[in-house]
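# Observations on chain architecture
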Amino acid sequence: MSILHTASLLRHPADRRSFLEKCAKVSFGLSVLPFFTRIAEAAETPGAVKAPNAGLPGFGKAKRVIFLQLNGGMSHIDTFDPKTGASKGPGSIVSAKGDMQLTSYLPETAKVSDKITVIRSMTAKVGVHASAAYLMRTGFEQRGSVQHPTLGAWAQHFLGTSHKTLPSSVTVNRTANHGNGWFPAAYSPLPILNPTDGLLDTKSPVSEETVAKRTGLLAQLDAGFGGKVADESVKAYNEFYEATFQLMQSRDLKAFDLAAETAETKARYGKSKFGQGCLLARRLVENGVRFVEVAHGGWDMHATLDDRMEEVGGDFDRVYAALLQDLDSRGLLDSTLVVVASEFGRKPTFEGGGRGHHPLVFSTVLAGGGVKRGFVFGASDEKGYAPAANGVSPGSLHATIAHAAGLPVQTDIITPAGRPMQVGNKAAPQTAIFA
Amino acid sequence: MRPLALIFGLCLGLTALAAPKKEAKKAAMPVIKAVVAPAAPVASLADITPIWHEWTDKEGRKINARFCGLTGDFITLQTRDGRNYHFKIDILTPEDVAFAKSCVELARRTNSFSPAVIASAAADIDRLVGAVLAANKQQPNALATDAQFLRRLYLDAAGRIPTAQEAEAFLGSTAPDKRAKLIDEVVFSSGYSMQMFNWMADLLRVKDTFAKGVPAFTFEDWLKTRLAANAPWDKMVFEMMTADGRLSDNGAAGFMLFDAEMPLDGVSNLMTTFLGTNMACAQCHDHPLADWTQRDFYQMAAFFGATDGKDEAILGAINKIAKADSTLPKGSLKKIADMNAYRLDDANKQKLTFPKDYKYSDAKAGDPVLPELIAWSKADKSLPIYKVSTKQPEQLRDEFARWLTSPQNPRFAANIANRIWKKAFGLGVIEPVNDIDDLAQASSPELMSHLTFVMKAAKFDLREVQRVIYNSKTYQAAASDTPDLGTDKYLFNGPLVRRLSAEQVWDSLVVTALGNYADNVHLRRGEDMKSMALPPGKVTLAEVKNAIDRSRKALGAKGAGGGKSSGGSTIGLATGYDGAKPVNRFSLMLARASELPQPSSESHFLRLWGQGDRLLADSATNDGSVPQVLQMMNGAVAKLVADVRSDAVMQAAKAATPEKQVTSLYLSYLSRKPNSRELGAASQSLQDGLALTDLAWVLANTREFLFVQ
């Protein structure tokens with residue numbers, strides 16, 4: 001069974017069972033079998049896959065999601081939630097577009113902040129980088145006994161693949177890290193470790209003539225096994241080969257190639273790996289990839305926060321503003337949700353020129369995909385220490401993104417281990433942020 | 001203790017043994033209707049090792065059952081219907097008590113099964129499988145061809161395909177027992193240990209680093225050493241469960257240290273790995289779909305409540321040293337701190353308490369938990385191994401390990417037997433293999449029972465058990481297509497057609513590139529790591545400096561070539577190879593997967609093809625993807641295949657005619673000779689401008705290469 005037909009089949013419950021059974025046979029990790037069987041049964045029950053949140057504001061507006069991960073813990077007080085008094089950082093407070101205040105470290109973002117919604121009341125308990133990053137990436141606390149999927153995999157489960165030849169999920173500047181969770185490996189994001197390299201191995205090292213002769217002979221010699229064996233997983237590989245032949249000749253490959261961008265556009269995004277990564281993300285979503293994660297490192301500012309904010313924050317600021325402007329000018333922002341997420345915030349107090357980890361309150365920023373433009377949701381207290389109103393958990397953030405992407409939230413699926421799970425870990429979406 | 005009469009009544013099949021815990025809940029299996037008893041007594045394992053026996057009790061009643069074991073005063077017997085019985089031996093006649101003891105003696109003297117025992121135990125498998133197939137009006141598959149058997153056996157037992165020479169030697173042999181001979185040859189080859197390492201690494205979550213980058217190389221070395229010695233599974237597990245100290249003191253500590261930061265998850269993981277019991281849900285609440293309660297989980301976890309994985313005092317002391325002398329290299333200090341702080345130690349107090357949010361009435365939140373073993377049926381609790389002492393907290397882990405690894409443990413032998421069966425057939429007798437709580441869910445409970453028996457009779461020698469399986473006609477039958485398990489259980493007409501594992505694909509490509517050279521390339525990195533160990537109790541500036549110097553000397557030579565790649569650390573990789581070194585081609589380090597970083601970095605061929613991330617047990621997959629195919633067609637591996645230096649290509653080039661060259665490449669890649677149509681097409685292509693390197697590329701890209709039949 002090829003992943004190619006997933007989308008259409010998943011929309012028709014009548015076809016769903018046979019599809020899922022085939023799918024289970026293909027991804028013959030076998031532990032998925034009970035899972036798919038159960039889901040298939042659920043799907044036959046009328047309304048079982050209906051989204052209870054379908055009627056709420058913002059549902060399904062985001063056709064694509066770009067998820068920017070600021071690794072290390074972005075200081076909310078020095079970026080999107082400026083404070084006065086003892087908590088104040090080295091940057092000054094500036095009035096930005098969209099009637100909100102930002103710090104002077106984000107001058108470019110301040111020019112496009114009328115396109116964004118800032119959530120200033122994110123709250124969590126995990127103050128360790130890896131575990132907190134896992135929580136922000138999946139919406140679930142990390143456990144040694146189960147791997148939770150990313151939103152891209154959840155979306156592929158509920159909505160099918162987003163394109164006939166391109167992957168549905170891509171990670172940029174980071175590894176895939178089992179982003180499929182308990183879903184089949186085919187749902188794992190395609191990792192692009194270096195955006196300027198793009199997708200590797202799409203060109204044959206030998207001449208076209210030799211390729212043609214080789215593939216011609218391959219078709220003849222494979223007729224015995226590949227052509228005759230009826231096994232589903234063999235058939236699946238026949239289709240992967242077919243899909244690869246198509247992709248190699250496909251125009252869609254250009255989605256991975258930054259060389260096709262004008263010098264001006266490239267310059268706007270900047271030469272940094274994050275800049276090029278965000279440009280690649282835009283190209284990918286523009287061409288049909290549904291979910292793209294882009295990682296940006298360097299936010300763990302325990303010391304010399306001032307300098308680091310200039311450098312790391314400055315890079316983010318320029319690239320982020322360029323991305324929002326670019327998407328908006330192409331008419332893509334209304335249907336593309338851009339998320340800025342960091343694993344936690346930083347303490348209101350300074351210690352040795354920097355701030356410590358602070359998960360109790362921090363900020364997350366959303367733009368596009370149906371969210372309000374120029375809006376602040378929730379608040380931290382005066383010091384920036386704890387949420388003052390509308391606390392939002394990482395699970396709820398995930399439910400919110402899932403809701404925007406048109407996924408059923410607060411709806412059980414059964415994992416291969418037989419455990420009921422929900423996207424966003426049972427939390428409700430924050431529908432107040434949608435226009 | 002059950003009354004004697006009842007035991008014998010049960011043994012005689014007059015009534016059913018107390019039903020397994022979950023049997024009542026799940027519907028009876030539709031597939032297995034009846035197992036036809038063999039018409040005539042079949043030569044079985046028990047006929048050769050004298051363990052089938054008519055046992056007589058002091059009241060003169062008799063049953064026919066096989067001897068399974070003697071633990072203290074308790075004897076375990078198994079009747080022909082596969083049921084196990086445990087009872088105090090003193091109800092038997094003195095003659096039978098002596099006989100049981102002589103069985104134990106005999107078993108001790110035998111290291112490996114004789115050919116006759118192997119043949120008999122394999123025949124039992126065929127008989128049991130055949131009976132279930134017949135009862136369901138199915139046939140076993142026809143015998144696989146020699147070529148299919150050859151390729152399957154090499155992949156299953158050596159982890160790679162045979163070379164052309166190895167293939168030719170077997171295919172050309174006319175010896176009637178050539179399959180049995182090949183089995184013995186391959187299971188005693190060095191490829192066998194490498195293959196077992198790959199398989200076990202996925203099960204045991206073998207990773208180069210745990211926690212925040214703490215290297216675990218001595219754990220890998222320990223595992224390789226134990227596999228090379230063919231250490232029995234129960235011994236290996238016991239060593240892992242009871243290991244004390246740092247990784248530099250005892251590599252076996254690596255298994256438990258992996259979860260040092262999350263001990264509750266560790267308990268949940270080891271239950272899955274060693275018992276096929278999935279208690280993860282019960283960590284936070286009563287299991288919604290099984291009978292395990294949160295209390296069950298906590299009571300099990302309490303056996304580890306006195307065990308500590310991290311010595312904060314050492315971390316503090318090294319931090320102080322770091323602050324006092326800022327010239328010390330931070331990176332080395334962190335490594336030394338981690339290497340010395342992570343260790344397994346048992347305190348004299350069991351500290352686990354019920355969690356703050358405990359919501360059931362059977363215990364109070366915050367109360368200390370009393371260790372108690374789980375049982376799958378009421379009868380389990382009367383087994384002697386359930387009598388564990390919980391009085392000395394520092395002994396709790398050892399007590400647990402004794403229970404865990406005992407042949408009497410109700411799931412320990414079944415779990416590993418089922419997993420080994422899956423390794424050979426592509427499917428467990430019970431699926432999923434990580435949840436075998438309900439043995440009645442087996443596609444054939446009789447087969448499961450027999451395999452469990454063989455596992456115990458082999459004293460957990462996994463090589464012996466695999467020899468038995470490989471010698472069965474069931475294993476040697478032609479492969480079945482992937483069955484539709486949604487409607488019926490698979491009854492093992494033969495093994496399943498399946499894609500090679502990531503390690504099998506990689507190791508096979510390495511063999512085509514280098515011949516069997518890579519079977520002699522061994523990576524051992526633990527010794528370098530030991531250089532960072534501080535003398536016990538001496539966390540001083542001077543000792544820390546010594547350790548830094550030692551580790552610099554050990555790692556210095558490879559500082560330039562080592563470095564870090566995304567994913568796995570390659571520290572010590574360059575000089576970690578003793579004897580033969582890996583060959584580098586097209587930026588690929590050509591060593592067997594077991595002799596590369598564990599797991600390989602995420603961008604490596606192995607990971608792309610489904611090598612697990614090892615964060616959880618059984619994390620490997622064999623799912624397909626487009627990037628895999630891109631690599632095979634265009635990537636470094638494609639260049640490796642279509643290279644004039646490739647061993648397969650060079651062997652073919654030596655042949656005199658195009659037909660012989662084609663045949664040689666077919667043997668190298670597909671372990672068989674081409675048929676006339678293939679021979680014609682391939683030879684013609686060589687006339688039409690394709691080179692042998694192109695033909696190698698074509699064969700490596702066939703589906704047949706990727707699959708085992």
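Residues numbered from 1 in each chain as written. Chains lettered and ligands numbered in written order. Predicted model: local features only at pLDDT ≥ 70, side-chain atom pairs only at ≥ 80, totals over all residues.

### Structural notes on the overall build of chain B
- The helix and strand inventory of chain B stands at 30 helices and 15 strands.
- Residue burial in chain B is summarised as follows: out of 709 residues, 54% are buried.
- For chain B, the proportion of contacts with a sequence separation of at least 24, taken over those separated by at least 6, is 69%. (Helix = DSSP H or I, 4+ residues; strand = E, 2+ residues; numbered from the N terminus. Buried ≥ 20, exposed ≤ 12 C-beta atoms within 10 Å, placed from the backbone. Contact = placed C-beta atoms within 7 Å.)

### A closer look at the overall build of chain A
- A tally of helices and strands in chain A yields 12 helices and 16 strands.
- Going through the 435 residues of chain A one by one, you find that 57% of them count as buried.
- Within chain A, counting contacts between residues at least 6 apart in sequence, those at least 24 apart form 71% of the total.

### A short note on the nonpolar core
- One finds Val65(A), Val292(A), Val339(A), Leu665(B), Ala696(B) and Leu699(B) to be the most contacted residues of the largest nonpolar core, which totals 297 residues.
- Not counting chain neighbours up to four residues away, the residues in contact with Leu665(B) comprise Ala648(B), Ala652(B), Leu692(B), Leu695(B), Ala696(B) and Leu699(B).
- By size, the runner-up hydrophobic cluster in this structure holds eight residues, among which are Trp55(B), Ala65(B), Phe67(B) and Cys103(B). (Core = buried A, V, L, I, M, F, W, Y, C linked by C-beta atoms within 7 Å.)

### Details of the interface of chain A and chain B
- Each partner contributes to the interface: chain A provides 59 residues, whereas chain B provides 63 residues.
- When residues of the side of chain A that touches chain B are traced back to their parent elements, those giving at least two are helix H2 (13-26), helix H3 (32-44), strand S6 (190-192), helix H7 (208-221) and helix H8 (232-249) of chain A.
- Top element by residues in the side of chain A that touches chain B is H8(A). It accounts for 11 residues.
- Among the residues forming the side of chain A that touches chain B, the class breakdown is 29 nonpolar, 19 polar and 11 charged. (Nonpolar A, V, L, I, M, F, W, Y, C, P; charged D, E, K, R; others polar.)

### Topic: the sheet that holds strand S7 (residues 245-246) of chain B
Residues and elements named next belong to chain B.
- With respect to topology, three strands assemble into an open sheet ordered S7-S9-S8, the strand pairing being antiparallel. Sheet topology places S7 and strand S8 (307-310) at the edges, where each strand pairs with a single neighbour.
- As defined by bridge partners, S7 adjoins strand S9 (residues 342-346) across two bridges and the pair is classed as antiparallel. Its bridge partner being in S9, arginine 246 is matched across the sheet by arginine 343. (Pairing = 2+ DSSP bridges.)

### With respect to helix H6 (residues 164-172) of chain B
- For H6(B), the complete set of buried residues consists of Ala164(B), Glu166(B), Ala167(B) and Phe170(B). For H6(B), the arc enclosing every buried residue in end-on projection is 160°, short of the 170-degree limit, so these residues lie on one face. (Arc of directions from axis to C-beta.)

### Remarks on the packing of helix H27 (residues 658-670) of chain B against helix H29 (residues 692-700) of chain B
Residues and elements named next belong to chain B.
- Here H27 crosses H29 at 35°, and the two axes come no closer than 10 Å. As for the relative orientation of H27 and H29, their crossing is right-handed in sense. Contacts from Gln661, Val662, Leu665, Tyr666, Tyr669 and Leu670 in H27 reach Leu692, Leu695, Ala696, Leu699 and Ala700 in H29.
- In the contact of H27 with H29, the residues fall into 10 nonpolar, one polar and no charged. (Axes fitted to C-alpha atoms, helices over the stretch in contact; angles between N-to-C directions. Left-handed = near helix turned anticlockwise from the far one by under 90°.)

### Side note on the environment of Ser204(A)
- Assignment of secondary structure puts Ser204(A) in the loop between S6 and H7.
- In the structure, Ser204(A) is positioned 44 residues away from Met248(A) in sequence and 9.0 Å away in space, judged by C-alpha atoms.
- When residues no more than four places from it in sequence are discounted, the contact partners of Ser204(A) are Val211(A), Met633(B) and Asn634(B).

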